[in-house]
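Structure at a glance
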Amino acid sequence: MRSPPIPEMATQEVQLNETLAHLKTESESLKSKLEEERAKLHDVELHQVAEKVEGLGQFVMKTRRTLKGHGNKVLCMDWCKDKRRIVSSSQDGKVIVWDAFTTNKEHAVTMPCTWVMACAYAPSGCAVACGGLDNKCSVYPLSLDKNENLAAKKKSVAMHTNYLSACSFTNSDMQILTSSGDGTCALWDVESGQLLQSFHGHAADVLCLDLAPSETGNTFVSGGCDKKANVWDMRSGQCIQSFETHESDINSVRYYPSGDAFASGSDDATLTANKMRILLKKESTLFFIKKLGRTSEKYFPVFNL
């Protein structure tokens, strides 16, 4: 088969260059329009809006129930979706499921190690997960029989190379998200114990995580000893945004109910509220309770979270 004549090849190359130039011009035009639309919606910074909000009055809190039964520090707890039961884990090596209305213990499990640092209720309320210095995340199915031996039904779902610092079921009982002192987070299949996705990006222990509200999609935020709070895409395993707003370890992260912001608490005695914008360019508008910080910016294609 003969190759096309040189003039024909040159013509094809010119046409290709023209097409690329046209597409580039069109993309720049679309980008400008998106920036204009965003400017219409984001015409003021979050801290400026916050300054105009009236302060809350004095908030009086009363102790309704005191649940006693642990023999040492309570390290973690999680509410059941039924808004009545609560699971707690402790440095004494025990995990207890409580009826918060009556203060009765419904189930109690003694773990093979002390410092049970993480626990979580399954969305259905039919299981709890926990773990700590054993480097594992174990799931215990619950039943109406309060005398049942839960330890006999234990299922080891996740295995890290260092302590388990946090765990959270996704929007179903079939998957669970974990964070660890080995510097990683991971998504696991509860039934098979198979690793579905791993998340690498922290330079030190990961201490906490929080799953985005279900309506905002498959993202979660984690915080660690590297002073960073990272936002992750659970589908790709990539870190889509990273915040450096603290001077010490980040111990707690929680999403705002809308899912477009989160708060973080640190050993540096401060809280920060981090606002996320997701468009052609990742940007962050931050307001801080006690101090200013900085955030790293990355470029990503447009996608729906």
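Above this note sits the structure.
Here goes a summary of the coordinates provided. In this text the structure is predicted, and so the values were computed from the model without any measurement. (Residues numbered from 1 in each chain as written. Predicted model: local features only at pLDDT ≥ 70, side-chain atom pairs only at ≥ 80, totals over all residues. Heavy atoms only, no water.)

**As for the overall build of the protein chain**
Looking only at helices and strands, one finds 2 helices and 21 strands in the protein chain. By residue count, 40% of the 305 residues in the protein chain fall in the buried class. Counting contacts in the protein chain only where the partners sit at least 6 residues apart, residues at least 24 apart contribute 40% of the total. By element, 53% of the accessible surface of the protein chain is carried by carbon and sulfur atoms, the whole surface being about 17700 Å². (Helix = DSSP H or I, 4+ residues; strand = E, 2+ residues; numbered from the N terminus. Buried < 20%, exposed > 50% of the residue type's maximum accessible area, 1.4 Å probe, protein only. Contact = heavy atoms within 4.5 Å. Areas by Shrake-Rupley, 256 points an atom, 1.4 Å probe, with all protein chains shown as cover.)

**As for the sheet that holds strand E1 (residues 74–79)**
With antiparallel pairing, the 4 strands of this open sheet are ordered in space as E1-E2-E3-E4. The open sheet has two edge strands with one neighbour each: E1 and strand E4 (104–110). Across the sheet, the mean angle separating the axes of adjacent strands is 20° when strand polarity is ignored. Judged from the 5 bridges that link them, strand E2 (residues 85–90) and strand E3 (residues 94–99) form a sheet pairing that is antiparallel. Note on E3: the bridge partner recorded for Ile86 is Trp98. (Pairing = 2+ DSSP bridges. Axes fitted to C-alpha atoms, helices over the stretch in contact; angles between N-to-C directions.)

**Side note on the pattern of salt bridges**
Counting across every chain of the model gives 5 salt bridges. In this structure, Asp233 and Arg235 form a salt bridge, with 3.0 Å as the shortest nitrogen-oxygen distance. Residue Arg235 is classed as partly exposed on the basis of its relative accessible area, which comes to 44%. Each of Asp82, Arg85 and Glu106 takes part in a single network of salt bridges with overlapping partners. (Salt bridge = Lys/Arg side-chain N within 4 Å of Asp/Glu carboxyl O.)

**Some thoughts on the side chain of His107**
Its place among the elements puts His107 in strand E4. A polar contact is formed between the side chain of His107 and the backbone oxygen of Ser143, at a distance of 3.3 Å. (Polar contact = N/O pair within 3.5 Å; in protein donor to acceptor, adjacent residues only side chain to side chain.)

**A word on unusual backbone geometry**
The phi dihedral of Lys83 falls on the positive side, at around 65°, and the residue is not glycine. Structurally, Lys83 is set in the loop between E1 and E2. The exposed category is assigned to Lys83, whose relative accessible area is 68%. Its identity is not glycine, yet Trp115 carries a phi of approximately 55°, on the positive side. On the secondary structure map, Trp115 appears in the loop between E4 and strand E5 (118–121). A relative accessible area of 33% means that Trp115 is categorised as partly exposed.

**Side note on a nonpolar patch on the surface**
Residues Val44, Leu46, Val49 and Val53 make up a contiguous nonpolar surface patch of about 290 Å² in total accessible area. Residue position: Val49 is located in helix H2 (residues 46–52). (Patch = residues over 30% accessible without salt bridge, like charges linked within 9 Å, V, L, I, M, F, W, Y side chains within 5 Å.)

**Examining the nonpolar core**
Formed by 16 residues in total, the largest nonpolar core has its most connected members in Ala129, Cys137, Val139, Cys167, Phe169 and Ile176. Of all the elements in the fold, those that place two or more residues in this core are E5, strand E6 (127–131), strand E7 (136–141), strand E8 (155–159), strand E9 (164–169) and strand E11 (184–189). It is E9 that provides the largest number of residues to this core, a total of 3 residues. Ile176 has contacts with Ala129, Cys137, Val157, Cys167, Ser168, Phe169, Ala186, Leu187, Trp188 and Val190, leaving out every residue within four places of it along the chain. In terms of nonpolar packing, the next biggest core, distinct from the first, is built from 14 residues, Cys80, Val109, Tyr140 and Leu142 among them. (Core = buried A, V, L, I, M, F, W, Y, C linked by side-chain atoms within 4.5 Å.)

**Some details on the sheet that holds E8**
Strand order across the open sheet formed by 4 strands is E5-E6-E7-E8, with antiparallel pairing between neighbours. The sheet is open, and its two edges are formed by E5 and E8, each paired on a single side. Here the strands of the sheet are splayed against their neighbours by 20° on average, with no regard to which way each runs. Note: E7 against E8, 4 bridges, orientation antiparallel.

**Describing the state of the cysteines**
Within this structure, the stated rule accounts for 0 disulfides. Note on Cys208: no disulfide assigned, nearest cysteine sulfur contributed by Cys185 at a separation of 8.9 Å. The class of Cys208 is buried, set by a relative accessible area of 6%. (Disulfide = S-S within 2.5 Å.)

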